[in-house]
Amino acid sequence: MAGIRIRGGRPLTGSVPVSSAKNAVLKMMAAALMTSGRCVIRRAPAIRDVETMAELVRSLGANVSRNADGSLVMEAGIVTCLEAPEHLVRRMRASVLVMGPLLARFGRVRVPLPGGCAIGPRPIELHLRGLRQMGARITEERGFVEARAGRLLGTEIHLDYPSVGATENLMMAACLAKGTTVIRNAAREPEIVDLQLFLNKMGARVRGAGGDAVYIEGVDGLSGADHEPIPDRIEAGTYMVAAAITRGDVVLRPVIPRHVEAVTAKLRETGAIVEEVGPDTLRVRGVDRPRPLYVRTQPYPGFPTDMQPQFMALMAIAAGASIISETVYTSRMKHADELRRMGADIVVDGQVAIIRGVRRLTGACVEASDLRAGAALILAGLAADGETVVEGIHHVDRGYETIEDKLRALGADVWRVAEDVPAAGGVPLVRR
Ligand code: UD1
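Residues numbered from 1 in each chain as written. Predicted model: local features only at pLDDT ≥ 70, side-chain atom pairs only at ≥ 80, totals over all residues. Heavy atoms only, no water.

1. Some thoughts on the packing of aromatic side chains
Next, step 1: Tallying each qualifying case throughout the model produces one aromatic pair.
Next, step 2: A ring pair is formed by Phe-303 and Phe-311, whose centres lie 4.9 Å apart and whose planes are at 85°; its orientation type is edge-to-face.
Next, step 3: Given a relative accessible area of 5%, Phe-303 falls into the buried group.
Next, step 4: On the basis of relative accessibility, which here comes to 0%, the residue Phe-311 falls in the buried class. (Phe/Tyr/Trp six-rings, centres within 6.5 Å; stacked < 30°, edge-to-face > 60°. Buried < 20%, exposed > 50% of the residue type's maximum accessible area, 1.4 Å probe, protein only.)

Structure follows, in structure tokens:
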């Protein structure tokens, strides 16, 4: 298991480029399965989840390649297989997003049921219920879901919860349905608005994304599209916390300031200075010890669950006690145990964490349990005294493009290590 080794204590300064949004790119790759036309996704980040999605769409028969300028080119003229391979769905839950597009275009799809994951059980019943309402016949057997339909039929769908994935899966399926579909209590994340833009470039007729109802007028066919996705607001948020936690001074670009408003508001509460220094540029400066916070995760525009672990790291060194209430996932607190190994004082009771800030964290060998937990541990390592090794860095590679290069360019003392590299003084870096 590869790790990232960090010698903490240096304030980060300088500029950091923000990559395109992983959670927009993955859905656009799924959407591209609905056309035989050529789809170009510009500035697609070189991260593991994009590679996994590329592997998935290739396994279905589509072509994917990357141009020298970083754009991803997808052509799904020929689709030879309508079943998502189990190992890829296990590796990345977003794989279930091929269900709506394949069902809508080919009338059949078979996808393994995604199991639980490190942050809790993540069922897809909202996706399935919506597809059923559009006329799909769905059977679940031996861990697989199979959906069949003639042409899907537009209908009114009310989601019990504003699920991001369900909104997107149903939105894509509805593009090729007969008639109009309305998705109420839809998720409002910016990536859904960006997906709407991409679908409309393909010739779809979608409106309302970003509000709580999305309206999709079905069309007979879709064509190729060329699109540059929005900047990744979670990657941006992570570097914003990196600036605050190291008392640094970091400029981030490109960022859509509105997309990170909840993060900006909380950082300002801690005393950090966040300024819009350009229409797509933010500057974040950390000052002294952060003030403690109350953070409650919610669907957008509430505070994002994908920033919760990073804020827990920041709260670990706050001047006072903070409370984090995680309402989106049932067990997204595993990073608390690892932060404790670095000297943090955190009590977790179910979906609530109480964090009593300590003056200093100390470097330790810790393990990432998932993507954002890994980011949080790296942030803690940047602030800690001494050396930290974050193992399980493959989780971080799912969503952060060249993270150690970006951090090093900001002045961090950080590098990647193979599993059994001994630490200075001969102490093994790997716990087990
Ligand atoms: C997306 C993001 C993920 C983010 C999450 C919430 C991608 C690839 N991933 O995940 O990074 O953390 O939004 O912002 O875009 N749920 C059900 N039944 C369903 C669907 C969801 O109970 O049918 C529950 C889930 O278990 C979870 C909650 O709803 O507890 C939120 O899930 P959802 O909004 O669907 O997140 P994802 O689309 O999986």
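2. A short note on the environment of Gly-363
Next, step 1: Tracing the sequence through the fold places Gly-363 in the loop between strand 20 (352–356) and strand 21 (365–367).
Next, step 2: A sequence separation of 25 residues divides Gly-363 from Thr-388, and the C-alpha atoms of the two residues are 4.3 Å apart.
Next, step 3: Those residues in contact with Gly-363 that lie beyond four places of it in its chain are Ala-384, Asp-385, Gly-386, Glu-387 and Thr-388. (Helix = DSSP H or I, 4+ residues; strand = E, 2+ residues; numbered from the N terminus. Contact = heavy atoms within 4.5 Å.)

3. What about the sheet that holds strand 6 (residues 108–112)?
Next, step 1: Judged by pairing direction, the sheet is antiparallel, and its three strands sit side by side in the order 6-8-7 without closing on themselves. Pairing within the sheet leaves two strands with one partner each, and these edge strands are strand 6 and strand 7 (137–141). Direction aside, the axes of adjacent strands within the sheet are offset by 15° on average.
Next, step 2: For strand 7 and strand 8 (residues 144–148), the ladder comprises five bridges, and the chain directions are antiparallel. Note that in strand 8 the partner of Thr-139 across the bridge is Glu-146.
Next, step 3: Strands in contact with helix 5 (residues 125–133) are strand 7 and strand 8; relative to strand 7, the strand with the most contacts, it is inclined by about 145°. (Pairing = 2+ DSSP bridges. Axes fitted to C-alpha atoms, helices over the stretch in contact; angles between N-to-C directions.)

4. Considerations on the domain arrangement of the chain
Next, step 1: Domain boundaries in the chain define domain 1 (3–18 + 231–417) and domain 2 (22–227).
Next, step 2: Of note, the centres of domain 1 and domain 2, computed from C-alpha atoms alone, are 30 Å apart.
Next, step 3: At the junction of the two partners, domain 1 supplies 25 residues and domain 2 supplies 22 residues.
Next, step 4: Together domain 1 and domain 2 conceal approximately 1900 Å² of surface at their shared face, both sides included; 48% is due to carbon and sulfur atoms.
Next, step 5: The interface formed by domain 1 and domain 2 holds two salt bridges in total.
Next, step 6: Residue Arg-398 pairs with Asp-49 through a salt bridge whose shortest N-O separation is 2.8 Å.
Next, step 7: Where domain 1 touches domain 2, the interface holds seven residue pairs in polar contact (both at pLDDT 80 or more).
Next, step 8: Secondary structure elements with two or more residues in the side of domain 1 that touches domain 2: helix 12 (371–383) and helix 13 (393–397).
Next, step 9: Of the residues assigned to the side of domain 1 that touches domain 2, the class counts are nine nonpolar, six polar and 10 charged. (Domains from an automatic or database assignment. Buried area = accessible area lost by both parts, 1.4 Å probe. Salt bridge = Lys/Arg side-chain N within 4 Å of Asp/Glu carboxyl O. Polar contact = N/O pair within 3.5 Å; in protein donor to acceptor, adjacent residues only side chain to side chain. Nonpolar A, V, L, I, M, F, W, Y, C, P; charged D, E, K, R; others polar.)

5. Remarks on the state of the cysteines
Next, step 1: Taken as a whole and judged by the stated rule, the model has zero disulfides.
Next, step 2: Free of any disulfide, Cys-39 has its nearest neighbouring cysteine sulfur in Cys-175, separated by 12 Å.
Next, step 3: The class for Cys-175 is buried, based on a relative accessible area of 0%. (Disulfide = S-S within 2.5 Å.)

6. What to know about helix 1 (residues 22–31)
Next, step 1: The buried fraction of helix 1 amounts to nine of the 10 residues, a majority that puts the element mostly inside the structure.
Next, step 2: The complete set of buried residues in helix 1 reads Lys-22, Ala-24, Val-25, Leu-26, Lys-27, Met-28, Met-29, Ala-30 and Ala-31.

7. What about the nonpolar core?
Next, step 1: Counting residues in hydrophobic clusters, the biggest one holds 80 residues, and the most contacted among them are Met-29, Leu-33, Leu-152, Met-171 and Leu-199.
Next, step 2: Not counting chain neighbours up to four residues away, the residues in contact with Leu-199 comprise Ala-31, Met-34, Met-171, Met-172, Cys-175, Ala-204 and Val-206. (Core = buried A, V, L, I, M, F, W, Y, C linked by side-chain atoms within 4.5 Å.)

8. Notes on the layout of surface pockets
Next, step 1: Size it by volume and the second largest pocket reaches roughly 180 Å³.
Next, step 2: Taken together, Arg-188, Pro-190, Val-193, Asp-194, Gly-210, Ile-230, Ile-256, Arg-258, His-259, Tyr-300 and Pro-301 form the lining of the second largest pocket.
Next, step 3: Counting the residues that make up the lining of the second largest pocket, at least three belong to each of domain 1 (3–18 + 231–417) and domain 2 (22–227). (1 Å grid on protein atoms, 1.4 Å probe; cavity = no way out; pocket = protein on both sides within 12 Å on 5 of 7 lines; lining within 4 Å. Points joined across faces, edges and corners; volume = space filled by probe spheres on them.)

9. A look at the site of the ligand
Next, step 1: Taken together, 20 residues surround the ligand, and among them Lys-27, Ser-163, Gly-165, Asp-306 and Val-328 come closest.
Next, step 2: Separating an oxygen atom of the ligand from a backbone N or O atom of Val-164 is a distance of 2.8 Å.
Next, step 3: Gly-165 places a main-chain nitrogen or oxygen 2.8 Å from an oxygen atom of the ligand.
Next, step 4: In the complex, 85% of the free accessible area of the ligand, which totals 740 Å², lies under the protein chains.
Next, step 5: Formed jointly, the shell around the ligand draws a minimum of three residues from each of two domains, domain 1 (3–18 + 231–417) and domain 2 (22–227). (Near = heavy atom within 4 Å. Areas by Shrake-Rupley, 256 points an atom, 1.4 Å probe, with all protein chains shown as cover.)

10. Digging into the sheet that holds strand 11 (residues 205–207)
Next, step 1: Pairing is mixed across the open sheet formed by four strands, whose spatial order is 9-10-12-11. Strands with a single pairing partner mark the edges of an open sheet, and in this sheet they are strand 9 (156–158) and strand 11. Adjacent strand axes in the sheet meet at a mean angle of 15°, parallel and antiparallel pairs treated alike.
Next, step 2: Examined bridge by bridge, strand 11 and strand 12 (residues 213–217) share three bridges and lie antiparallel to one another. Note that in strand 12 the partner of Arg-205 across the bridge is Glu-217.
Next, step 3: Set on the sheet, helix 6 (residues 164–175) makes contact with strand 9, strand 10 (180–184), strand 11 and strand 12; between it and strand 12 the angle comes to about 20°.

11. Examining the environment of Ile-124
Next, step 1: You can see Ile-124 is positioned in the loop between strand 6 and helix 5.
Next, step 2: If we ignore the near neighbours within four places in the chain, the residues touching Ile-124 are Arg-93, Val-96, Met-99, Leu-113, Pro-114 and Val-145.

12. Observations regarding a nonpolar patch on the surface
Next, step 1: On the surface, a cluster of nonpolar side chains totalling about 390 Å² of accessible area is made up of Tyr-294, Ile-323, Val-347, Val-352 and Ile-354.
Next, step 2: Residue classification places Val-352 among the partly exposed positions, given a relative accessible area of 32%. (Patch = residues over 30% accessible without salt bridge, like charges linked within 9 Å, V, L, I, M, F, W, Y side chains within 5 Å.)

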